[in-house]
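Architecture at a glance
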Amino acid sequence: VDGGVSGRSAKRPEFQRMIADSCSKTRPYDAVYIYNFSRFFRDDYETEGYRRKLEKNGVDLLSATQQITPGPHARLQRAIITAMDAAASDINSEQVTEVMRRNASDGFWNGSVPPLGYETYTAEIRGKKHKKRLRVLSSEAAIVEYVFARYLGAGSKASMGIAKLAQHLNSKGLSYRGRPFTPALVHTILTRESYV
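First, a word on scope: everything that follows refers to the structure included in this document. (Residues numbered from 1 in each chain as written. Predicted model: local features only at pLDDT ≥ 70, side-chain atom pairs only at ≥ 80, totals over all residues. Heavy atoms only, no water.)

Glancing now at the side chain of Thr-47. Within the secondary structure layout, Thr-47 lies in helix α3 (residues 44-56). Here Thr-47 is in contact with Phe-37, Phe-40, Phe-41 and Thr-82, once residues within four sequence places are set aside. (Helix = DSSP H or I, 4+ residues; strand = E, 2+ residues; numbered from the N terminus. Contact = heavy atoms within 4.5 Å.)

As structure tokens, then:
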């Protein structure tokens, strides 16, 4: 299981471990079972490439829902199925992106955790869908303002670099929603478009 990682990406640690294990000399598997080919990889070219790696090492790729008839037509069947899956994934991605753009242009928040200094609230209910907007959360907003002020050297204070600023925030007992500040978290605040 590679939770939250797109099937379009090869950067899936567990997927890559499965492929490496399947292609190793010890070959612990005779077959890799998948629900359907789009669960394996959401790209027809990549699906075939990884399938061939498995095949070279004697490991079958078998789908529970998309049966491939053994024989000379197997490659054609697989090509049609994986091309259709890839096209469906592209269409779905395009539609989701358009809905998210429309949602954002209407002033609504597109899910995920809001940036530090904000919280979400239900602005409208459309059917069963809660349309959310952001509003300032003053207790966290003060931390964000402090981060920018210290980074820029506001007032008579000297400006601080990102690593030093993370240490400074932690020494003051401030946190990023309960987590200690790291240079990466400080950098996230300083470069987040939401604050513009």
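Right, let's get into the packing of helix α5 (residues 138-152) against helix α7 (residues 183-191). Remark: α5 packs on α7, axes separated minimally by 10 Å, with the N-to-C direction vectors making an angle of 95°. Here α5 lies roughly perpendicular to α7, going by the angle between them. Contacts between α5 and α7 pair Val-144, Val-147, Phe-148 and Tyr-151 from the former with Val-186, Ile-189 and Leu-190 from the latter. In the contact of α5 with α7, the residues fall into seven nonpolar, no polar and no charged. (Axes fitted to C-alpha atoms, helices over the stretch in contact; angles between N-to-C directions. Parallel < 35°, antiparallel > 145°, perpendicular 65-115°, else oblique. Nonpolar A, V, L, I, M, F, W, Y, C, P; charged D, E, K, R; others polar.)

Here the focus is the packing of α3 against helix α4 (residues 74-105). Orientation of α3 relative to α4, taken along the N-to-C sense of each, is 140°, at an axis distance of 8 Å. With respect to α4, the axis of α3 lies oblique. Facing α3, whose interface residues are Asp-44, Thr-47, Glu-48, Arg-51 and Arg-52, α4 presents Arg-75, Arg-78, Thr-82, Ala-83 and Ala-86. Counted by class, the contact of α3 with α4 contains two nonpolar, two polar and six charged residues.

Before going further, it helps to spend a moment on the pattern of salt bridges. Counting across every chain of the model gives twelve salt bridges. For Glu-55, the salt bridge identified is with Arg-51, shortest N-O distance 3.2 Å. Of this pair, Glu-55 and Arg-51 both sit in helix α3, four residues apart, which is roughly one turn of the helix. Note that Glu-119 is salt-bridged to Arg-135, the shortest N-O span being 2.9 Å. (Salt bridge = Lys/Arg side-chain N within 4 Å of Asp/Glu carboxyl O.)

Moving on: α4. An ideal rise of 1.5 Å per residue puts 46 Å on 32 residues; α4 measures up with 46 Å between its terminal C-alpha atoms. Within the sequence span of α4, burial applies to Ala-74, Arg-78, Ile-81, Thr-82, Asp-85, Ala-86, Ser-89 and Asn-103. Tucked inside the fold, the buried residues of α4 contact α2 (37-40), α3 and β4 (129-136). Phi turns positive, to about 90°, at Gly-107, one or two residues after α4. (Expected span 1.5 Å × (residues − 1). Buried < 20%, exposed > 50% of the residue type's maximum accessible area, 1.4 Å probe, protein only.)

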